[in-house]
Amino acid sequence: MQAQSIFDGGFMTYPTIFKKSKPFFNEALITNKVFTLGPGRKMKGSVTNLKNNVGIKVGGVATFNTPFISGKDEVLYNGYLFSLVIKNNIVLIVIRDGKSLLQLESWDLNEIAKSFNCKNPKCDVIPSSYVADLITAGRLQVKFKVGADKNHGTDWKLI
């Protein structure tokens, strides 16, 4: 009978024992993939400024009805490129035109995770790190719906 070594015997080696693993979250528990959450208090009035400055006028009324904006790809709306970036647990809207860049602090990452949790009661807790990964990967996206009929809303969607 031959003795087994650590390489073929199935034993864990030194680096594997102390390696930290990422917490696991079961995405199959997510049933409601759409929720509404407007920008936080830091951005108070900024949706109106966005509507007036980068929005489209429909019948003389400014609107801001964007396609879904993600953290992976830029989206073109009215000549401006929009994307999402996460810095220090804050989700920023990045607006670029040909020569300048504007970053607006819009949402607290914990508030997004909290709203996502409320819409999915089967999930115990959806960690904010998981939500950050979804935004960065472009899977969790946001859309502004400021129409001419004053029907406002900000929808988040998991793709």
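As the structure is a computational prediction, the values presented were derived from the model and not from experiment.

Caption draft 1: Region of the structure containing the sheet that holds strand S6 (residues 90-96). The four strands are arranged S4-S5-S6-S7 in an open sheet whose pairing can be described as antiparallel. A strand with exactly one partner marks an edge of an open sheet, and here the two such strands are strand S4 (75-77) and strand S7 (101-108). Mean inter-strand twist for the sheet, computed between neighbouring axes without regard to direction, equals 30°. In this structure, strand S5 (residues 80-87) lies alongside S6, joined through seven bridges in antiparallel fashion. Bridge pairing in S6 links Leu 81 to Arg 96. Its contacts with the sheet put helix H2 (residues 46-54) on S4, S5, S6 and S7, and the angle it makes with S5 is roughly 155°. Packing against the sheet, helix H3 (residues 109-119) makes contact with S5, S6 and S7, and its axis sits at approximately 50° to S7.

Caption draft 2: Representation of helix H4 (residues 128-137) within the structure. For H4, every residue scored as buried is listed here: Tyr 130, Val 131, Ala 132, Leu 134 and Ile 135. Packing partners of the buried residues in H4 comprise S5, S6, H3, strand S8 (140-146) and strand S9 (154-158). One or two positions beyond H4, positive phi appears at Gly 138, with a value near 85°.

Caption draft 3: Fine view of the pairing of S6. Counted residue by residue, S6 has six buried out of seven residues, so it is predominantly covered. Here S5 folds back onto S6 in antiparallel fashion, the turn holding two residues, of which Asn 88 has a positive phi close to 50°. Pairing of S6 with S7, which is carried by seven bridges, proceeds in the antiparallel orientation. The partner of Val 91 across the bridge, within S7, is Trp 107. Hairpin connection between S6 and S7: a loop of four residues separates the two successive antiparallel strands.

Caption draft 4: How the structure looks around the pairing of S5. Pairing of S4 with S5 involves three bridges; the strand directions are antiparallel. Looking at the pairing, Leu 76 lines up with Leu 81 of S5. Remark: two residues form the turn of the hairpin made by S4 and S5, two consecutive strands paired antiparallel; Asn 78 in that turn has positive phi of roughly 55°.

Caption draft 5: Geometry of the side chain of Ser 106. Relative to the helices and strands, Ser 106 resides in strand S7. A polar contact is formed between the side chain of Ser 106 and the backbone oxygen of Leu 104, at a distance of 3.0 Å.

Caption draft 6: A look at the nonpolar core. Counting 34 residues, the largest nonpolar core has Leu 84, Trp 107, Ile 112, Val 131, Ile 135, Leu 140 and Trp 156 as the members making the most contacts within it. Counting residues per element, the ones that place at least two in this core are H2, S5, S6, S7, H3, H4, S8 and S9. Element by element, the count of residues in this core is highest for H4, at five residues. Apart from residues no more than four positions distant in its own chain, Val 131 is found in contact with Leu 109, Ile 112, Ala 113, Phe 116, Ile 126 and Leu 140.

Caption draft 7: Molecular detail of the pattern of salt bridges. Using the criterion set out here, one finds three salt bridges in the structure. Note that Glu 27 is salt-bridged to Arg 139, the shortest N-O span being 2.5 Å. With Glu 27 in the loop between helix H1 (14-18) and strand S1 (34-36) and Arg 139 in the loop between H4 and S8, this pair connects stretches of sequence that are 112 residues apart. For Arg 139, a relative accessible area of 29% gives the class partly exposed. Between Glu 74 and Arg 96 there is a salt bridge whose closest N-O contact spans 2.7 Å. Placement of Glu 74 in the loop between strand S3 (61-65) and S4 and of Arg 96 in strand S6 is noted, with a sequence separation of 22 residues between them.

Calculation rules
- Numbering of residues starts from 1 in every chain and runs along the sequence as written.
- The predicted nature of this model means local features are confined to residues of pLDDT at least 70 and side-chain atom pairs, given and counted, to a pLDDT of 80 or more, with totals for whole chains, interfaces and linings taken over all residues.
- Each side-chain value is worked out from all heavy atoms of the structure, with water and hydrogens disregarded.
- Pairing between strands requires that DSSP locate at least two bridges from one strand to the other.
- The secondary structure listing takes helices from DSSP runs of H or I that are at least 4 residues long and strands from runs of E that are at least 2 residues long, numbered from the N terminus.
- Lines are fitted to the C-alpha atoms to define the axes, a helix being fitted only along its stretch in contact, and any angle between axes, read from their N-to-C directions, falls within 0 to 180 degrees.
- Contact between two residues is taken to exist if any of their heavy atoms lie within 4.5 Å; hydrogens are not considered.
- Burial status follows relative accessibility: with a 1.4 Å probe on protein chains alone, a residue under 20% of its type maximum counts as buried, one over 50% as exposed, and anything between as partly exposed.
- The definition of a polar contact used here is a pair of N or O atoms within 3.5 Å, where within protein one atom must be able to donate a hydrogen and the other to accept one, and adjacent residues in sequence count solely through side-chain atom pairs.
- In this description, a nonpolar core means a group of buried Ala, Val, Leu, Ile, Met, Phe, Trp, Tyr and Cys residues linked to one another through side-chain atoms lying within 4.5 Å.
- For salt bridges, the criterion is a side-chain nitrogen of Lys or Arg within 4 Å of an Asp or Glu carboxyl oxygen.

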